[in-house]
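Structure assessment
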Amino acid sequence: MTRYTRKFLSVLGMSAMLAAGAAHAEDKKVSIVDDRGVTVEVPAQPKRIASISYFADDVALALGIKPVASTYMTAGREPGFLLGLTAGMKQIGQRAKPNLELLSEAKPDLIIAIRRYTVGNAAQLQNIAPYVAYNMELLEESYSETAALSKLLGKPERGEQLNADFRKHLAEFAAKAPKDKHPRFLIMWGGATPFAFHTENTSASIVAAIGGDNIPGPKTPGGEFGIDLSLETMLEKDPEVIFVYDSGPDRPHEGNPIWSQLSAVKNNRVFYVGDQWVETNGPIARETVLREAAHYLYPDTFPAVDVKAEAAKLIPAELQN
């Protein structure tokens, strides 16, 4: 055997060992417990993430990872707080009714989903790929879910830093907010009978943390994060600032004569807000909502917000191009 042949075979053997090691790493699984209390075996190095809700898109993009598939909130509208990057992902339907056939076509190796909309078809999702569900409702869950998903995606330190940064920013905004003002506010979905968020809900918690007084108040122990709130009750509480999730042109609440009697309406302090106000648990959404809320509550203290400019600070430049 010549010296050249021995060297060639040695290099070939080394390459085979490296390839085998890489394949073994890709096959490795880890066990996690999600918000259902279910233990799920997931890839140690997931490469193809599918997001049922914007939460996984939000966390992944902040970590420098672009998911392969995503649901949407409103058809045809790409969220500005994610720089419209969901347009480059396979669209798999509305978050409450994901299309499982389209999801399967995306060939994900990990599905991150909103729990309340997917527990009914958990078995079908699990047949497509490992399926992990989070509540995505409360501010305290935002911290734990961001940390858990960042760890799952291989970047635990970045997840912890994102959480630490937001806690710091929330405290800074709260310290700067006027201490003599506590505007009564409401965050709601529009409708004949609006659905409003309790204070523990992530977006409402952020507004309350900087001095707002949430008229639906806290949730009951073990209760839902929101409540149907009649316009009659709304008038009794009379919010000074109203945030309405902008889900489209249909706004039946505006047709009710009580609506025009509200202080927020009379004073032009009704704000139709974007997807980040509903899908607030990710690091990009909550930072954006904090800045928007501060401006809407205290326009003389905090500047207006460019949502895309804020998002661009957290999403790595290589994903923006």
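Every value quoted in this text rests on a predicted model; they were computed, and no experiment measured them.

1. A closer look at the overall build of the protein
If you tally the helices and strands in the protein, you get 13 helices and 13 strands. For the protein, the spread of C-alpha atoms along the principal axes amounts to about 95 × 40 × 35 Å. Split into buried and exposed, the 321 residues of the protein put 49% on the buried side. For the protein, the proportion of contacts with a sequence separation of at least 24, taken over those separated by at least 6, is 63%.

2. A few points about helix α11 (residues 283-297)
Its 15 residues place the ends of α11 21 Å apart at the C-alpha level, agreeing with the 21 Å of an ideal helix rising 1.5 Å per residue. The element α11 is extensively covered by neighbouring structure, given that 15 of its 15 residues are classed as buried.

3. Concerning the pattern of salt bridges
Taken as a whole, this structure holds eleven salt bridges when the rule is applied. The salt bridge involving D34 is made with R36; its shortest N-O contact spans 2.7 Å. In this structure D34 comes out as buried when scored by relative accessible area, which is 4%. For D246, the salt bridge identified is with R251, shortest N-O distance 3.3 Å.

4. A look at the nonpolar core
The biggest cluster of nonpolar side chains holds 52 residues, and the ones touching the most others in it are I111, I112, L149 and I284. Top element by residues in this core is helix α2 (residues 55-62). It accounts for six residues. In this view, L149 contacts F55, A56, V59, I112 and Y134; residues no more than four positions away in its chain are not counted. Core analysis: the next-biggest nonpolar cluster, separate from the first, contains 28 residues, Y143, I210, F271 and V273 among them.

5. Overview of the confidence of the model for the protein
Averaged over all residues, the pLDDT of the protein is 91; the fraction at 70 or higher stands at 92%. The low-confidence segment residues 14-25 (pLDDT under 50) makes two contacts with residues lying over four places distant or belonging to another chain.

6. Here we look at the packing of aromatic side chains
Within a pair of aromatic rings, the relevant descriptors are the distance that separates the centres and the angle that separates the planes. One pass over the structure, following the stated rule, counts 14 aromatic pairs. On the basis of an interplanar angle of 20 degrees and a centroid distance of 4.0 Å, the ring pair of F271 and Y296 is categorised as stacked. Of this pair, F271 sits in strand β13 (residues 270-273) while Y296 is found in helix α11, placing the two residues 25 residues apart along the sequence. As far as burial versus exposure is concerned, F271 and Y296 are alike and both buried.

7. Points about the packing of α11 against helix α12 (residues 307-314)
With their axes 10 Å apart at the nearest point, α11 and α12 run at an angle of 140 degrees to one another. With respect to α12, the element α11 is oriented oblique. Regarding α11 and α12, the two cross each other, and that crossing is right-handed. Across the interface between the two elements, P283, I284, E287, T288, R291 and E292 of α11 pack against V307, E310, A311 and L314 of α12. Residues belonging to the contact of α11 with α12 are distributed by class as follows: five nonpolar, one polar and four charged.

8. Focus on unusual backbone geometry
When glycine is set aside, most residues are seen to have a negative phi, and most peptide bonds are trans. Phi at M136 is positive, roughly 60 degrees, even though this residue is not glycine. Along the chain, M136 falls in the loop between β7 (131-134) and α6 (139-152). Residue M136 is classed as buried on the basis of its relative accessible area of 6%. Phi is positive for D238, close to 50 degrees, though the residue is something other than glycine.

9. Regarding the side chain of E310
On the secondary structure map, E310 appears in helix α12. You can call E310 buried: its relative accessible area is 17%. Not counting chain neighbours up to four residues away, the residues in contact with E310 comprise T288, R291 and V305.

Calculation notes
- Residues numbered from 1 in each chain as written.
- Predicted model: local features only at pLDDT ≥ 70, side-chain atom pairs only at ≥ 80, totals over all residues.
- Heavy atoms only, no water.
- Helix = DSSP H or I, 4+ residues; strand = E, 2+ residues; numbered from the N terminus.
- Buried < 20%, exposed > 50% of the residue type's maximum accessible area, 1.4 Å probe, protein only.
- Contact = heavy atoms within 4.5 Å.
- Expected span 1.5 Å × (residues − 1).
- Salt bridge = Lys/Arg side-chain N within 4 Å of Asp/Glu carboxyl O.
- Core = buried A, V, L, I, M, F, W, Y, C linked by side-chain atoms within 4.5 Å.
- pLDDT = per-residue confidence, 0-100.
- Phe/Tyr/Trp six-rings, centres within 6.5 Å; stacked < 30°, edge-to-face > 60°.
- Axes fitted to C-alpha atoms, helices over the stretch in contact; angles between N-to-C directions.
- Parallel < 35°, antiparallel > 145°, perpendicular 65-115°, else oblique.
- Left-handed = near helix turned anticlockwise from the far one by under 90°.
- Nonpolar A, V, L, I, M, F, W, Y, C, P; charged D, E, K, R; others polar.

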